[in-house]
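# Structural description and commentary
Here are the chains, one letter per residue:
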Amino acid sequence: SAFKYWTNAAESGDAGAHYQLSVLYRLGKGVQTDLKKELYHLEKAAIAGHPIGRYNLGCAEFNDGSIERAMKHYMIAANLG
């Protein structure tokens, strides 16, 4: 399954796999929706340089009321491309 593949890749530090797992946990595709796991994988993806993961982490910060942190994530995401 995609979940198993991305989990194995994420365990090896693959940023794209962490991002894909965050999407699965957000949407509940093949797994239960889980905000904590979604954010965990978004953070891992962002730290590893995944631009969309960084942007989505900014969105999560924004929605949580942390506007300044969100703006930092947006700027980093923009610089990543």
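One can find the structure itself at the top, above this paragraph.
Since we're looking at a predicted model, the values are computed, not measured.

Our focus in this paragraph is helix α5 (residues 67-80). For α5, spanning 14 residues, the distance from its first C-alpha to its last is 20 Å, which sits close to the expected 20 Å at 1.5 Å a residue. Taken together, the buried positions of α5 are occupied by Ala-70, His-73 and Ala-77. The buried residues of α5 occupy an angular sector of 60° when projected down its axis, which confines them to one face. Facing away from the buried side of α5 by over 90 degrees, the exposed positions are Glu-68, Lys-72, Met-75, Ala-78 and Asn-79. Here the buried face of α5 lies against α4 (51-63). Residue Gly-81 follows α5 closely and has a positive phi angle near 105°.

Bringing the side chain of Glu-61 into the picture now. Tracing the backbone shows Glu-61 in helix α4. For Glu-61, the residues in contact, after removing those within four places along its chain, are Ser-66, Arg-69, Ala-70 and His-73.

Ala-9, Ala-10, Ala-17, Leu-21, Leu-24, Tyr-25 and Val-31 together form the largest nonpolar core, which totals seven residues. Residue assignment for this core shows that the elements contributing at least two residues are α1 (2-11) and α2 (15-27). No other element matches α2, which puts four residues into this core. Residues within four places of Tyr-25 in sequence aside, it is in contact with Phe-3, Val-31, Gln-32, Thr-33, Asp-34, Lys-37, Glu-38 and His-41.

On to the side chain of Ser-22. For Ser-22, the location among the structural elements is in helix α2. Aside from chain neighbours lying at most four places away, what touches Ser-22 is Glu-38, His-41 and Leu-42.

How each quantity is defined
Residues numbered from 1 in each chain as written. Predicted model: local features only at pLDDT ≥ 70, side-chain atom pairs only at ≥ 80, totals over all residues. Heavy atoms only, no water. Helix = DSSP H or I, 4+ residues; strand = E, 2+ residues; numbered from the N terminus. Expected span 1.5 Å × (residues − 1). Buried < 20%, exposed > 50% of the residue type's maximum accessible area, 1.4 Å probe, protein only. Arc of directions from axis to C-beta. Contact = heavy atoms within 4.5 Å. Core = buried A, V, L, I, M, F, W, Y, C linked by side-chain atoms within 4.5 Å.

Remember, this is a structural readout, not a statement about activity or role.
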